[in-house]
Amino acid sequence: VLIVSHDRDLLNRAVGSILHLENLKLTLYAGGYDQFEKTRRERLAQQLALKAKQEDQRRHMEKFVERFRAKATKARQAQSRLKALEKMKPIAAVMEDRVHPFHFPDPNPLSPPIIRLEDASVAYEAGKPILSHMNLRIDMEDRIALLGANGNGKSTFAKLLSDRLNVEDGRLLKSKKLTFGYFAQHQLDEMDPKQTPFEAVQNLVPDFTQAQVRAKLGSFGFGIDRADTQIERLSGGEKARLLMHLCTNHAPHVLILDEPTNHLDVDSREALIHALNEFEGCVILISHDQHLIEACVDRLWLVDGGTVAPFDGDMAEYRKLLLDKRDTREKKNSKGDNGNSSREDRRDAKRAAAEHRAAIAPLKRKAETLEKEMEKLQSQLAKLEGQLGDPDLYTKDPTKAAALNKERSDTQSKLEQTEHDWLEACEAYEDARQAT
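As the structure is a prediction and not an experimental result, all values here were calculated from the model.

Draft legend 1. Expanded view of a negative patch on the surface. A cluster of acidic side chains, namely Glu 294, Asp 312, Asp 314 and Glu 317, defines a negative patch on the protein surface. Assignment of secondary structure puts Glu 294 in helix H11 (residues 290-296). Under the relative-accessibility criterion, Glu 294 is labelled partly exposed at 47%.

Right under this line is the structure:
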């Protein structure tokens, strides 16, 4: 299995090695992502130390050459050092792809709580609530992750908080000065594809000079070339960076991020974690990135059963909850009408499976027999090729050479026919094995 992924937890749990592409070179590291990162950092540190040591040696040798080049007694040694300098292969400088940091401007503080929900419900259609009976409180320093299966209402809850949906019943109380920054994947597709990042930011801050706009873009990793590139030609990660800048430019008190890491590579995700931890406002996070949640969040809220409530546990306990639910569903599906597994059905299934295996056993044996015959013929062919490779054979014993050539031709023809029969036998066996 070859996996290309930015999911750190997946790369820690599912792979045995990491193949790293950097500066047009591939390097294989054993272990998962954390081990790769540790080993790579150690290797970079070692390379820096070796380069520093080599440069010290070079400076010392250069001083020796300059000092004694003109002295007859030391000229030979100086020339020797000079040749050594010329042969000294420089250790490559450590060049890492620089990841530009994220920076979210800090908001003005507000008195707690900044949001309070009292028996609140929200709906897209009147009388059909998606979420209800919500009693929650949010403060400025909160870091909250919304957990729950897709379709349970996480995005609906985020839209309610950010005034994109109204409360149907109950109350939602918030400060009049409260501002939001809202990031969602669908917004990436809503940006004007013909616009440039420079134009998008300039529209937000029309009073800024061109230099000030470019300085803001530069702080988010958009140099002159990328700042003047149409948005439709930017990568997914660049679009995500631009959107985060646009939705946080006004220093919001609450930052709502709905799957913010989908287009970010691993290093950019780490940069986002640092920025979120430094941000002095409230963060509400919807993400399947467990590493991001564990590194940034101190409160977990579960969106399930038509409501939102605090989850008393950590991500490991939440994962266990999901596995327990899956096991319960599987057990329920395997039970009969009376709630008990049908032993008779299981016996019938085992009997049918055994009969099926017995019926297709001859096909399997035929394929195995033909495979062994192929191996035997390949061995014979290799032996004949070795004998015919002797150039003296044709002069010393041309009759034997002719006989070996004929035997080789016959063996080759037999091998080709056996390979054909083997392929047909394998196909017949696979078809029969998969038949119900």
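Picking up where we left off.
Draft legend 2. Quick look at the pairing of strand S8 (residues 254-258). Across the 5 residues that make up S8, a large majority, 5, are buried. With 5 bridges joining them, strand S7 (residues 180-184) and S8 adopt parallel strand pairing. Note on S8: the bridge partner recorded for Tyr 182 is Ile 256. Here S8 runs beside strand S9 (residues 282-286); their pairing, made up of 5 bridges, is parallel. The partner of Ile 256 across the bridge, within S9, is Ile 284. Taking the sense of rotation as the criterion, the β-α-β connection linking S8, helix H10 (residues 266-278) and S9 turns out right-handed.

Draft legend 3. Inspection of helix H4 (residues 154-161) at higher detail. With respect to burial, H4 is a largely interior element, 6 of its 8 residues being buried. Along H4, the positions that sit buried rather than exposed are Lys 154, Thr 156, Phe 157, Ala 158, Leu 160 and Leu 161. In the segment just after H4, Asp 163 is the residue with positive phi, at about 70°.

Draft legend 4. Region of interest: the environment of Ser 235. By the secondary structure assignment, Ser 235 is in the loop between helix H8 (224-227) and helix H9 (236-248). Overall, the relative accessible area of 37% leaves Ser 235 in the partly exposed class.

Draft legend 5. Representation of the sheet that holds strand S3 (residues 115-125). The 3 strands lie next to each other as S4-S3-S6, forming an open sheet whose pairing is antiparallel. Strands with a single pairing partner mark the edges of an open sheet, and in this sheet they are strand S4 (128-138) and strand S6 (167-174). Shown here is a sheet whose adjacent strand axes are inclined to one another by a mean of 25°, direction ignored. Relative to S4, S3 runs antiparallel, the two sharing 7 bridges. Counterpart to Leu 117 in the pairing with S4 is Leu 136. Where H4 meets the sheet, it contacts S3, S4 and S6, and its direction lies at approximately 115° from that of S3.

The rules behind the values
- Per chain, residues are indexed from 1 in the order of the written sequence.
- In view of the model being predicted, local features appear only for residues whose pLDDT reaches at least 70, and side-chain atom pairs are presented and counted only at 80 or more, with totals across whole chains, interfaces and linings using the full set of residues.
- Processing note: side-chain calculations cover all non-hydrogen atoms of the structure and skip hydrogens and water entirely.
- A residue counts toward a patch only above 30% relative accessible area and without a salt bridge, and it is joined to like-charged neighbours within 9 Å or, for Val, Leu, Ile, Met, Phe, Trp and Tyr, to nonpolar neighbours within 5 Å.
- Every accessible area reported is derived by Shrake-Rupley at a probe size of 1.4 Å, with residue values counting cover from the shown protein chains alone.
- Each salt bridge in this description consists of a side-chain nitrogen of Lys or Arg and a carboxyl oxygen of Asp or Glu lying within 4 Å of one another.
- A positive count includes Lys and Arg, and a negative count includes Asp and Glu. His and the chain ends are not counted in either.
- For the purpose of locating charges, the reference atoms are NZ of Lys, CZ of Arg, CG of Asp and CD of Glu.
- By definition, any uninterrupted DSSP run of H or I lasting at least four residues is a helix, any uninterrupted run of E lasting at least two residues is a strand, and each is numbered from the N terminus.
- Partly exposed describes any residue whose relative accessible area lies between the buried limit of under 20% and the exposed limit of over 50%, with all areas from a 1.4 Å probe on protein chains only and scaled to the type maximum.
- Between any two strands, at least two bridges found by DSSP are needed for them to pair.
- With its strands directed away from the observer, a crossover is right-handed exactly when the path from the first strand over the helix to the second travels clockwise.
- Interaxial angles span 0 to 180 degrees and are taken between N-to-C directions of axes, which are lines fitted to C-alpha atoms, for helices over the stretch in contact.
- Residue contacts are defined here by distance: any two heavy atoms, one from each residue, within 4.5 Å place the two residues in contact.

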